[in-house]
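Here's the letter readout for the chains.
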Amino acid sequence: MSMNPGERIRRLRRRLGWTLKQTAERCDCTESLISKIETGKVMPAVATLARLAAALGVSVSQLLAEESADGPVFVPASANASEQLVTSEQGYRFRAFAPQRSEKLMQPLIFEAQRGKAAPAVMKHDGEEFIYVLTGRMNYRVGERQFTLGPGDGLYFDAWQPHQLEPLTKVVRFLAVFVEPSQARRVHIAPASAPRKLVSKRRATVG
């Protein structure tokens with residue numbers, strides 16, 4: 001498993017025939033940032049990764065992992081120790097759970113933000129997101145509303161709304177799970193009438 005997506009982003013961009021400028025325009029970021037990501041000088045923030053993945057037509061997991069896997073993916077606690085997390089361009093640290101399973105419908109990540117080190121950057125990307133605080137406390141702004149979250153608190157929101165975190169304690173760790181629109185579209189919900197039709201057929205058969 002790899003957490004450096006730069007080379008894969010460059011390969012996909014060139015396959016599409018895009019310049020750095022064209023890619024930056026599609027992802028709402030700077031040409032300089034795309035160049036630094038591709039050369040491995042910076043690790044993009046998750047919101048940036050999500051926008052890059054959407055523009056390139058892949059999932060976030062496909063940008064983060066070199067190999068793919070099906071079935072259950074076990075993640076030991078040791079993999080989420082602070083020293084195993086990578087630092088993003090915005091100063092917070094994170095690690096994706098099971099990125100090698102690229103076809104999953106949701107992307108869970110563990111985050112760690114230190115007061116004074118995490119940049120007060122505004123994030124936004126397509127899809128929906130859920131966060132659950134493990135340790136520490138933080139303010140979390142979504143749109144015009146601000147929430148103070150501590151251990152055990154959770155928040156569910158539309159990720160296209162500008163969101164921003166502010167650690168209140170020295171360190172805050174939390175779980176974040178988001179669903180990318182391309183993945184969400186694969187979930188098909190049967191019409192409410194389907195169960196009733198099925199029941200009526202079974203009754204006819206029994207009779």
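Preceding this paragraph is the structure being described.
Residues numbered from 1 in each chain as written. Predicted model: local features only at pLDDT ≥ 70, side-chain atom pairs only at ≥ 80, totals over all residues. Heavy atoms only, no water.

Student: Could you clarify how one ought to interpret empty space enclosed by the protein in this entry?
Tutor: Any space left empty among the atoms is revealed by the rolling of a water-sized probe across them. Across all of its chains, the model carries one cavity of 30 Å³ or more by this definition. The space that makes up the largest cavity amounts to roughly 100 Å³. What lines the largest cavity is a set of 14 residues, among which Val46, Phe111, Met123, Glu129 and Tyr140 lie closest to the centre. When residues of the lining of the largest cavity are traced back to their parent elements, those giving at least two are helix H4 (46-56), strand E3 (107-114), strand E8 (163-167) and strand E9 (171-179). Broken down by class, the residue content of the lining of the largest cavity amounts to eleven nonpolar, two polar and one charged. (1 Å grid on protein atoms, 1.4 Å probe; cavity = no way out; pocket = protein on both sides within 12 Å on 5 of 7 lines; lining within 4 Å. Points joined across faces, edges and corners; volume = space filled by probe spheres on them. Helix = DSSP H or I, 4+ residues; strand = E, 2+ residues; numbered from the N terminus. Nonpolar A, V, L, I, M, F, W, Y, C, P; charged D, E, K, R; others polar.)

Student: What should I look at first to understand the sheet that holds E9 in this one?
Tutor: Pairing between sheet strands relies on hydrogen bonds along the backbone, with the strands arranged either parallel or antiparallel. The strand order across the open sheet formed by six strands is E1-E2-E3-E9-E4-E7, and the pairing between neighbours is antiparallel. The strands lining the two open edges of the sheet, one partner per strand, are strand E1 (86-87) and strand E7 (154-158). Pairing of E1 with strand E2 (residues 93-96) involves two bridges; the strand directions are antiparallel. Looking at the pairing, Val86 lines up with Phe94 of E2. (Pairing = 2+ DSSP bridges.)

Student: Looking at this model, I keep getting lost on the sheet that holds strand E6 (residues 145-149). Mind explaining?
Tutor: Spatially, the three strands line up as an open sheet ordered E6-E5-E8, and their pairing is antiparallel. Every interior strand has two partners, whereas the edge strands, E6 and E8, have only one. Each adjacent strand pair in this sheet contributes to an overall mean axis angle of 20 degrees, direction not counted. In terms of strand pairing, strand E5 (residues 138-142) meets E6 through five bridges, oriented antiparallel. Looking across to E6, one finds that Tyr140 is bridged to Phe147. (Axes fitted to C-alpha atoms, helices over the stretch in contact; angles between N-to-C directions.)

Student: Explanation requested: unusual backbone geometry in the structure shown.
Tutor: For residues that are not glycine, phi is negative in most cases, and the peptide bond is trans in most cases. One non-glycine residue, Asp28, lies in the positive phi region at around 60 degrees. Here Asp28 is to be found in the loop between helix H2 (20-27) and helix H3 (31-38). Its identity as a non-glycine residue notwithstanding, Ala98 has a phi of 45 degrees, on the positive side. Counting through the fold element by element, Ala98 comes out in the loop between E2 and E3. By relative accessible area, Ala98 is classed as buried at 13%. (Buried < 20%, exposed > 50% of the residue type's maximum accessible area, 1.4 Å probe, protein only.)

Student: I tried to follow the nonpolar core on my own but got confused; where do I start?
Tutor: One recurring pattern in soluble globular proteins: nonpolar side chains tend to sit buried together. The biggest cluster of nonpolar side chains holds 43 residues, and the ones touching the most others in it are Leu63, Tyr92, Ile131, Met138 and Tyr140. If we ignore the near neighbours within four places in the chain, the residues touching Leu63 are Pro5, Arg8, Ile9, Leu12, Leu49, Leu52, Ala53, Leu56 and Val58. (Core = buried A, V, L, I, M, F, W, Y, C linked by side-chain atoms within 4.5 Å. Contact = heavy atoms within 4.5 Å.)

Student: Would you mind showing me how to read H2 here?
Tutor: Two residues of an α-helix separated by three or four positions point the same way, owing to the 3.6 residues in each turn. Where H2 is concerned, the buried positions are Thr23, Ala24 and Cys27. One side of H2 holds all its buried residues, which, seen down the axis, span an arc of 100 degrees. Facing away from the buried surface of H2 by more than 90 degrees, the exposed residues are Lys21 and Glu25. Elements in contact with the buried residues of H2: helix H1 (6-16), H3 and H4. (Arc of directions from axis to C-beta.)

Student: So what exactly am I meant to see when it comes to the side chain of Ser61 here?
Tutor: Examined against the element boundaries, Ser61 turns out to sit in helix H5 (residues 60-64). On the basis of relative accessible area, Ser61 is assigned to the buried category, the value being 3%.

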